[in-house]
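Notes for the structure review
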Amino acid sequence: MKRAMGLLGALLLAGGLGAGHAGAQQLMNGAGATFPYPIYSKWFDEYTRVDPSVRFNYQSIGSGGGIRQISEQTVDFGASDGPMTDEQLAKAPRPLLHVPTVLGAVVATYNLPVDPKLRFTPELLADIFLGKITSWNDPKIATVNPGVTLPRTPILVVHRSDGSGTTYIWVDYLSKVSKEWETKVGRGTSVKWPVGLGGKGNEGVAGQVKNTPGAIGYVELAYATKNRLPAAPVRNAAGKFVEPTIASTTAAAAAAASHMPADFRVSLTNSPGDDAYPIASFTWLLVYKDQSDETKGKALVKFLWWSSHEGQKYAADLLYAPLPAQVVKQIEAALSQITFKGKPLLAAR
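Residues numbered from 1 in each chain as written. Predicted model: local features only at pLDDT ≥ 70, side-chain atom pairs only at ≥ 80, totals over all residues. Heavy atoms only, no water.

**Considerations on empty space enclosed by the protein**
Enumeration according to the criterion identifies three cavities of 30 Å³ or more in this entry. Of the volumes computed, that of the largest cavity is approximately 50 Å³. If you go around the largest cavity, the residues you meet are Asp81, Pro83, Tyr168, Ile169, Asp172, Val266, Ser267, Leu268, Thr269, Ala280, Ser281 and Trp284. Of all the elements in the fold, those that place two or more residues in the lining of the largest cavity are α7 (165-177) and β10 (280-288). (1 Å grid on protein atoms, 1.4 Å probe; cavity = no way out; pocket = protein on both sides within 12 Å on 5 of 7 lines; lining within 4 Å. Points joined across faces, edges and corners; volume = space filled by probe spheres on them. Helix = DSSP H or I, 4+ residues; strand = E, 2+ residues; numbered from the N terminus.)

**Observations concerning the sheet that holds strand β6 (residues 197-199)**
Pairing is mixed across the open sheet formed by eight strands, whose spatial order is β2-β1-β3-β10-β4-β7-β5-β6. Both edges of this open sheet fall to β2 (54-60) and β6, since each of them pairs with a single strand only. Neighbour-to-neighbour, the strand axes of the sheet open up by a mean angle of 25 degrees, direction not taken into account. Note: strand β5 (residues 156-160) against strand β7 (residues 215-220), three bridges, orientation parallel. Residue Val158 lies in a different strand from β7, and its bridge partner there is Gly217. (Pairing = 2+ DSSP bridges. Axes fitted to C-alpha atoms, helices over the stretch in contact; angles between N-to-C directions.)

**Re helix α13 (residues 325-335)**
Along α13, the residues classified as buried are Val327, Val328, Ile331, Glu332, Ala334 and Leu335. Summarising the axial view, the buried residues of α13 lie within an arc of 160 degrees, below the 170-degree limit, and thus occupy one face. Exposed and oriented more than 90 degrees from the buried face of α13 are Ala325 and Lys329. Buried residues in α13 make contact with β4 (96-110), α11 (246-257), β10 and α12 (294-308). (Buried < 20%, exposed > 50% of the residue type's maximum accessible area, 1.4 Å probe, protein only. Arc of directions from axis to C-beta. Contact = heavy atoms within 4.5 Å.)

**Observations concerning the pattern of salt bridges**
Side chains that carry opposite charge are capable of pairing whenever their charged atoms lie near each other. In the structure shown here, the tally under the stated rule is 22 salt bridges. The residue Lys296 makes a salt bridge to Asp76 at a minimum N-O spacing of 3.1 Å. One end of the pair, Lys296, is in helix α12; the other, Asp76, is in the loop between α3 (63-71) and β3 (77-80), with 220 residues separating them in the sequence. Side by side, Lys296 and Asp76 carry an identical accessibility label, which is buried. Among the ionic pairs, Lys91 bridges to Glu87, the shortest N-O distance being 3.6 Å. Of this pair, Lys91 and Glu87 both sit in helix α4 (residues 86-91), four residues apart, roughly one helical turn. Just as Lys91 is exposed, Glu87 falls in that class too. Where salt bridges share partners, they join Asp127, Lys132, Lys140, Glu180 and Lys184 into one cluster. (Salt bridge = Lys/Arg side-chain N within 4 Å of Asp/Glu carboxyl O.)

**A short note on the pairing of β5**
Most of β5 is tucked away, with four of its five residues classed as buried. Where β5 meets β6, three bridges bridge the pair, whose relative direction is parallel. Within the sheet, the bridge partner assigned to Val158 lies in β6 and is Leu197.

**Details of the nonpolar core**
With 100 residues, the main nonpolar core has Phe120, Phe129 and Trp170 as its most contacted residues. With nine residues, the single largest contributor to this core is β4. Setting aside residues up to four positions removed in sequence, Phe129 forms contacts with Val157, Val158, Trp170, Leu174, Trp181, Trp193, Pro194, Val195, Ile216, Gly217 and Tyr218. (Core = buried A, V, L, I, M, F, W, Y, C linked by side-chain atoms within 4.5 Å.)

**Notes on the environment of Ala79**
Mapped onto the elements, Ala79 comes out in strand β3. By relative accessible area, which is 0% here, Ala79 ends up buried. Separated by 208 residues in the primary sequence, Ala79 and Val287 have C-alpha atoms spaced 8.8 Å apart. Setting aside anything within four residues of it in sequence, one finds Ala79 in contact with Ala31, Gly32, Ala33, Tyr40, Tyr58, Ser63, Gly66, Trp284, Leu285 and Leu286.

The structure is reproduced here in C-alpha cells:
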C-alpha cells in the first residue's frame, strides 16, 4: 500500500509540474472505491506513457464518496464496487454508465497467534459478524477446522466505517447465505453493524486487523497480501472450500459473463461452480453518458478503452482478475454510446 500511495503521490506531483510546463495538459479528477486503488494507481501511472497530455488525480475515499461526488458532478468520474441503486441513478442529473474495470475478491482476514490456516463456512462468517460467535475456540469454528489449535481469544470484528463497495460485496454475500443477516442487517454500501469496530478504507480495516490480536475483518485480496495477512478459503455454493485467487475469481465471473445485463450492474457473490470463490465482484467506473466537457470526455473515453484492453495485462500482478473477453466486447459497445451534445466521443477503431 505504501508503494501505491507513493506512486500516486509521484503521479500527482508529475501532473502538477507537467501542467505548469506543458500548458495543454488535461487533469482528470476521480474519486471513490479503495478496492481497486492499487490497479488504478498502476494504470494512471502507465497511461502517462500512452497519452502524456493527460494526468489523473484519484481520491481513494470509498465507493459511497465516489457515488456522491459523481452525482454532484464535482469529479470527472466516480468509482464503486457496489452498483448504484435505481434510486441513486434517478437522482443523478443525467444518465450514468457503469463501466466494469477488473474483478477482485473480498477476503476474510484475521490476526491470531502462530497464524493458523483457518477456513470458513458461510454460516460461520454470518454468525461471527452477527456477534453470535464471540471466541476463537468456539466449537463451531473448531468443527470446520479439525486439527487446528484455536486460542480462547475473544473475536473482535473489524468493518468499514465509511460508505464502501467492499462492504456492499461482503454484506450482499452474507444476505445471500444467511436469512438472519438479510432480515436484520441487509445490503448496502453502509449498514448498521451488529458488532465490531470501524476502519476507514480497505487500508484502515487491514491496519486494524494487523495491529489487533483476535481481530477478523474483510478486505480486498491485494490489501491482505500486501499486509501479509491471511486470506481464508470459504466454502462456496457447490460445497467446496475455495481459496481466493485470480483463477477462482475468474471462475466466479464465468457464469455472469455469458448473460451480463446491458447496464453491467450484476452481483457475482455466491456464484455456482466448483472452482468459484464465493465473495467476488466486478468494480466499476461511473461516467456520464453525455459528457459536459468535450475535451475531457474524449480523454476519458480513450482511457476507458485502453484500461479495458491493454490495461488488463497489469491486473494479475496486483491480484485482480482481468475482464472476460465477452464483457470487453460489451464495454466497447457502451463506450461508443458516450457523447458530447449527442455526438459520439469514441474515435473510429
